[in-house]
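# Structure at a glance
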Amino acid sequence: MKSVRLWSIRNARWLKKVYDGLEWILSLLEPILRRIGYDRLDKPFAAIEGVIKGFFFDSQSCGQCTLGETGMACPMNCPKTLRNGPCGGVRQNGGCEIKPDMTCVWVNAWEGSQQIGTPEETIKMIQPPVDNRLKGRSAWLRALRLRAGGLL
Ligand code: SF4
């Protein structure tokens, strides 16, 4: 929902703190989750994640979340699904080239990152191309596995 998504940008600072807290809890639980089996947990995690992130961020469940780097704005809401900054068509008023009544996702991302106070380098990080095979899978578990070295 657009209004909730914009609210989340305005409240990006504390939402990011909640997000970091969740990440910390999951990292503590990592050995247990690994024992149960990541593949077995993927569906229920993806379902919970889809509801939470869908509500707050209009997440498109790409499975490779960048919210932490993009000011809590989901770049998959960009009609061109640009994950590395805006296209050249952003309007003078910050509107999207394709959907003029929508603020460019990257304008939101910049505002959100300013709210959080993340260093400029964070939003400038080059994101890898989206891997469509991961769509609908749990990005939280994937991040956990990457950090634990389970996907290298
Ligand atoms: S203006 Fe922004 S949201 Fe619209 S297509 Fe370009 S980058 Fe995407």
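The preceding data block contains the structure.
Residues numbered from 1 in each chain as written. Predicted model: local features only at pLDDT ≥ 70, side-chain atom pairs only at ≥ 80, totals over all residues. Heavy atoms only, no water.

### Quick notes on the overall build of the protein
Each helix and strand in the protein was counted, giving 6 helices and 0 strands. Ordered by position from N to C terminus, the α and β elements of the protein give α-α-α-α-α-α. Against the 2.2 N^0.38 benchmark of 15 Å for 152 residues, the protein shows a C-alpha radius of gyration of 16 Å, consistent with a compact globule. Counting only C-alpha atoms and orienting by the principal axes, one finds that the protein spans roughly 50 × 30 × 30 Å. Out of the 152 residues belonging to the protein, those deemed buried represent 42%. For the protein, the proportion of contacts with a sequence separation of at least 24, taken over those separated by at least 6, is 63%. If you sum the accessible surface of the protein, you get close to 8,900 Å²; carbon and sulfur atoms cover 59% of it. Between the centroid of the 22 positive side chains of the protein and the centroid of its 14 negative side chains there is a distance of 3 Å. (Helix = DSSP H or I, 4+ residues; strand = E, 2+ residues; numbered from the N terminus. Rg over C-alpha atoms; globule rule 2.2 N^0.38 Å. Buried < 20%, exposed > 50% of the residue type's maximum accessible area, 1.4 Å probe, protein only. Contact = heavy atoms within 4.5 Å. Areas by Shrake-Rupley, 256 points an atom, 1.4 Å probe, with all protein chains shown as cover. Lys, Arg positive; Asp, Glu negative; His and termini not counted. Charge placed at Lys NZ, Arg CZ, Asp CG, Glu CD.)

### Some remarks on the nonpolar core
L33, F45, M72 and L141 are the most contacted members of the largest nonpolar core, which totals 18 residues. Listed by contribution, the elements that provide at least two residues to this core are α2 (12-36), α3 (38-57) and α6 (139-147). Sort the elements by how many residues they give to this core and α2 lands first, with 5 residues. Beyond its immediate stretch of four places on either side in the chain, L33 contacts L26, Y38, L41, F45, L141 and L144. Ranked by size, the runner-up nonpolar core spans 6 residues in total, among them I9, C104, W106 and I123. (Core = buried A, V, L, I, M, F, W, Y, C linked by side-chain atoms within 4.5 Å.)

### Description of the side chain of S8
Tracing the backbone through its elements, the reader meets S8 in helix α1 (residues 2-10). Look past the residues within four positions of S8 in its chain and what remains in contact with it is L15, F56 and F57.

### Notes on the environment of E49
Along the chain, the position of E49 falls in helix α3. Residue E49 is classed as buried on the basis of its relative accessible area of 4%. Each C-alpha atom, one on E49 and one on N11, is 19 Å from the other, the two residues being 38 residues apart in sequence. Each residue touching E49, except ones within four places of it in the same chain, is listed here: G54, S138, A139 and W140. Side-chain polar atoms of E49 contact the side chain of S138, separated by 2.7 Å. Here the side chain of E49 touches W140 through a polar contact of 3.2 Å, landing on its backbone nitrogen. (Polar contact = N/O pair within 3.5 Å; in protein donor to acceptor, adjacent residues only side chain to side chain.)

### Some thoughts on the side chain of Q64
For Q64, the location among the structural elements is in the loop between α3 and α4 (105-116). With relative accessibility at 11%, the residue Q64 sits in the buried group. A distance of 2.6 Å separates the side chain of Q64 from the backbone oxygen of C62, its partner in a polar contact. Discounting chain neighbours no more than four positions away, the residues touching Q64 are R83, P129, V130, D131, L134, A139 and R142.

### Details of the pattern of salt bridges
What the rule picks out here adds up to 11 salt bridges. The partner of R145 in a salt bridge is D39, with the nearest N and O atoms 3.6 Å apart. Here the residue R145 occupies a position in helix α6, and D39 occupies one in helix α3, the gap between them amounting to 106 residues. D39 gets classed as exposed once you look at its relative accessible area, which sits at 57%. (Salt bridge = Lys/Arg side-chain N within 4 Å of Asp/Glu carboxyl O.)

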